[in-house]
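Listed below are the residues making up each chain.
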Amino acid sequence: MNCIDEKLQPIFSEVTRRNCGEPEFHQAVHEVLESLGRVVAKHPHFLDQALIERICEPERQVIFRVPWVDDSGKVQINRAFRVQFNSALGPYKGGMRFHPSVNVGIIKFLGFEQTFKNALTGMPIGGGKGGSDFDPKGKSDGEIMRFCQSLMTELHRHLGEYTDVPAGDIGVGGREIGYMFGQYKRLTNRYEAGVITGKALAYGGSRARTEATGYGNTYFVQAMLQTKGTDFEGKKVVVSGSGNVAIYTIEKVQSFGGKVIACSDSSGYVVDEGGIDLELLKEVKDVRRERISEYAKAKGVGTYFISADKGSVWDVPCDVAMPSATQNELSGKDADTLVKNRVIAVGEGANMPSTPEAIQVFQTAEVLFAPGKAANAGGVATSALEMQQNASRDSWTFEQTEERLATIMRNIHDTCAATAEEYGAPGNYVLGANIAGFVRVAEAMQMLGVI
Ligand code: NDP
Ligand code: 2IT
């Protein structure tokens, strides 16, 4: 890991002391504090009023029990969380994650990242995140519905279009959003469409929200490639994951002339030298909800599956890598392999997928590296566009919405690049994103008094 400026070291020590046993949260805070040394050297007033300390402390954290009845009639118990991190710029905004690995530290790191990401979009949204250790794998539709209804029975009292607006994340897609919104509507007797995003078009969703995170990351990487006078045309691309973000990354990369030759899930990865067949991938993952090995089985010749215990998707030589599964899925060793295989750009579709060691390897090798809080902001930005459409009771075309998304991603890219330059680290998008996101939140907080 790089070093934190000595003025900021006590802040980090205090964060680790009062959030013990939460390594992902420490990692996320460490990375931002590494960047802030240059800010406080130039603008010491940011050290006043304990601004940085306040930004590292969530405004509110809710932890609750979710009891539900499975198909055999047995009562099951899960734990759920909502960390309302920062509302200086707008209502708390961020997804819900359903995955057995979820704990308070994971949700806290995601809420912290979300605060800066949302600031980078330039839109009026604060940062929050939630989730549960519920495992959706192998559950029936009825079980998923009863779980979502029970979760919302508790969560609804903390939400509102002006208070806190959840959306999807790992394990939470259109189906779960529908069940949660349906229960919110019953409990409140209000058709408050703007209380949740990622809704289906039929009941107030936005066109292009499903595609937005993957498309947005692709736009961001394209902007980085253009700074070097190149683009996706003819490039070999590897994408990890095969969920919402991965699928629409593959779709956009292909439309830009790139060739995606591998993708994965937690069971392993498939390599398809002819280029991933997107329709088949959507059928296997979105419709049938099967394992990625079924893709290789169905595709046959020229395609193969490697299980997760035999290697990682990052072993596949490529020009561009787009990690789109989960945190810390790309290690320093994986980064060494990618660099050895001459990767030229990495765009993080997932939240914090690269370990600090991996980021260091990419930056030392001068690989174009787009951190998640900038590169994957297209999802939440389009959620904010969904909120705008809900507030004005309007519905935009796909083209209008995608054009807004493309402009937002271009602006985020340019802001990160200009900020990195201003602070003496041209090309360092990590520094640019952390500083630009921090400054927007910190300036708003200063104006709001000691809150
Ligand atoms: P999905 O649930 O649709 O897909 C997740 C994918 O990642 C699956 O292929 C899953 O495989 C894989 N995965 C999840 N956890 C692990 C793990 N522990 N190890 C290996 N593979 C894993 O989620 P999304 O596509 O929505 O989210 C992917 C990433 O993008 C997350 O980091 C999320 O926070 C981030 N993100 C999502 C946004 C959105 O709008 N949805 C916006 C911005 C960021 P398996 O099925 O085997 O678990
Ligand atoms: O990590 C993320 O930005 C998301 N999961 C999307 C959040 C949102 O509110 O759309």
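Preceding block: the structure.
Each chain carries its own residue numbering, running from 1 in the written order of its sequence. Each chain is given a letter, starting from A, and each ligand a number, starting from 1, according to the order in which they appear as written. The predicted nature of this model means local features are confined to residues of pLDDT at least 70 and side-chain atom pairs, given and counted, to a pLDDT of 80 or more, with totals for whole chains, interfaces and linings taken over all residues. Hydrogens and waters are ignored; side-chain quantities use all the structure's heavy atoms.

Q: Tell me about the overall build of the protein chain, residues and numbers included.
A: Only DSSP runs of H or I reaching four residues or more are called helices, and only runs of E reaching two or more are called strands; each is numbered from the N terminus. Helix and strand content of the protein chain: 16 helices and twelve strands. For 451 residues, the compact-globule estimate of 2.2 N^0.38 gives 22 Å, and the protein chain sits close to it at 21 Å. Each residue is assigned to one of three classes by its accessible area relative to the maximum for its type, calculated with a 1.4 Å probe on protein chains only: buried under 20%, partly exposed between the two thresholds, exposed over 50%. Here the protein chain, with 451 residues, has 58% of them falling under the buried criterion. Two residues qualify as a contact provided that any one of their heavy atoms is within 4.5 Å of a heavy atom in the partner residue. Pairs at least 24 apart in sequence give 72% of the contacts found in the protein chain among residues at least 6 apart. Surface exposure here means Shrake-Rupley accessible area, sampled with a 1.4 Å probe, where a residue is shielded only by the protein chains that are shown. Only carbon and sulfur atoms are counted for the fraction: they give 50% of the accessible area of the protein chain, which is about 17,800 Å². For the purpose of charge, His is not counted, nor are the chain termini; Lys and Arg are scored as positive and Asp and Glu as negative. Throughout, a charge is located at the NZ atom of Lys, the CZ atom of Arg, the CG atom of Asp or the CD atom of Glu. Distance between charge centroids for the protein chain: 4 Å, based on 48 positive and 55 negative side chains. Taken over C-alpha atoms, the radius of gyration is set against a globule rule of 2.2 Å times the number of residues to the power 0.38.

Q: Quick one: what's the story with the site of ligand 1, residue by residue and with numbers?
A: Definition of nearness: a residue and a molecule or strand are near each other if at least one heavy atom of the residue lies within 4 Å of the molecule or strand. Taken together, 25 residues sit near ligand 1, with K137, D169, S266, R291 and N351 positioned nearest. Its free accessible area being 880 Å², ligand 1 has 83% of it covered by the protein chains. Within the residue set of the shell around ligand 1, elements represented by two or more residues are α7 (209–227), α8 (244–255) and β7 (259–265). For the shell around ligand 1, the residue count by class is four nonpolar, 14 polar and seven charged. Note on residue classes: Ala, Val, Leu, Ile, Met, Phe, Trp, Tyr, Cys and Pro are nonpolar, Asp, Glu, Lys and Arg are charged, and everything else, Gly too, is polar.

Q: If you had to explain the site of ligand 2 to someone new, which residues and values would you point to?
A: Surveying the vicinity of ligand 2 reveals 14 residues, the closest of which are K93, K117, K129, D169 and S383. Nitrogen and oxygen atoms within 3.5 Å of one another constitute a polar contact, given that in protein one can donate a hydrogen and the other can accept it, and given that sequence-neighbouring residues count only through two side-chain atoms. Side-chain polar atom of K93 to an oxygen atom of ligand 2: 2.6 Å apart, as the coordinates give it. Within the side chain of S383, one N or O atom sits 2.5 Å away from an oxygen atom of ligand 2. Surface burial for ligand 2 is 94%, taken as the share of its 290 Å² of free accessible area covered by protein chains.

Q: Help me get a handle on the side chain of K235, residues and values and all.
A: As for its position among the elements, K235 is in the loop between α7 and β6 (236–239). Salt-bridge detection follows one rule: a side-chain nitrogen of Lys or Arg within 4 Å of a carboxyl oxygen of Asp or Glu. The charged side chain of K235 is buried without a salt bridge, its nearest counter-charge being D231 at 4.8 Å. A distance of 2.8 Å separates the side chain of K235 from the side chain of T230, its partner in a polar contact. Setting aside residues no more than four positions away along its own chain, K235 makes contact with T230, G257, G258, K259, D319 and I344.

Q: Quick one: what's the story with the packing of helix α14 (residues 378–391) against helix α15 (residues 398–422), residue by residue and with numbers?
A: Interaxial distance between α14 and α15 falls to 10 Å at its minimum, and their mutual angle equals 135 degrees. As the angle between them shows, α14 and α15 are arranged oblique. Where α14 crosses over α15, the two elements pack in a sense that is right-handed. Residues G378, A381, T382, L385 and Q388 of α14 touch α15, and the partners they reach there are T401, R404, L405, I408 and M409. For the contact of α14 with α15, the class distribution of residues is five nonpolar, four polar and one charged. In this analysis, axes come from line fits to C-alpha atoms, helices being fitted only over the stretch in contact, and the angle between any two N-to-C directions falls in the range 0 to 180 degrees. With respect to orientation, any angle under 35 degrees is reported as roughly parallel, any angle over 145 as roughly antiparallel, any angle of 65 to 115 as roughly perpendicular, and every other angle as oblique. When the near helix sits turned anticlockwise from the far one by under a right angle, the crossing is termed left-handed; a clockwise turn instead gives a right-handed crossing.

Remember that the coordinates give geometry; whether it matters functionally is a separate question.
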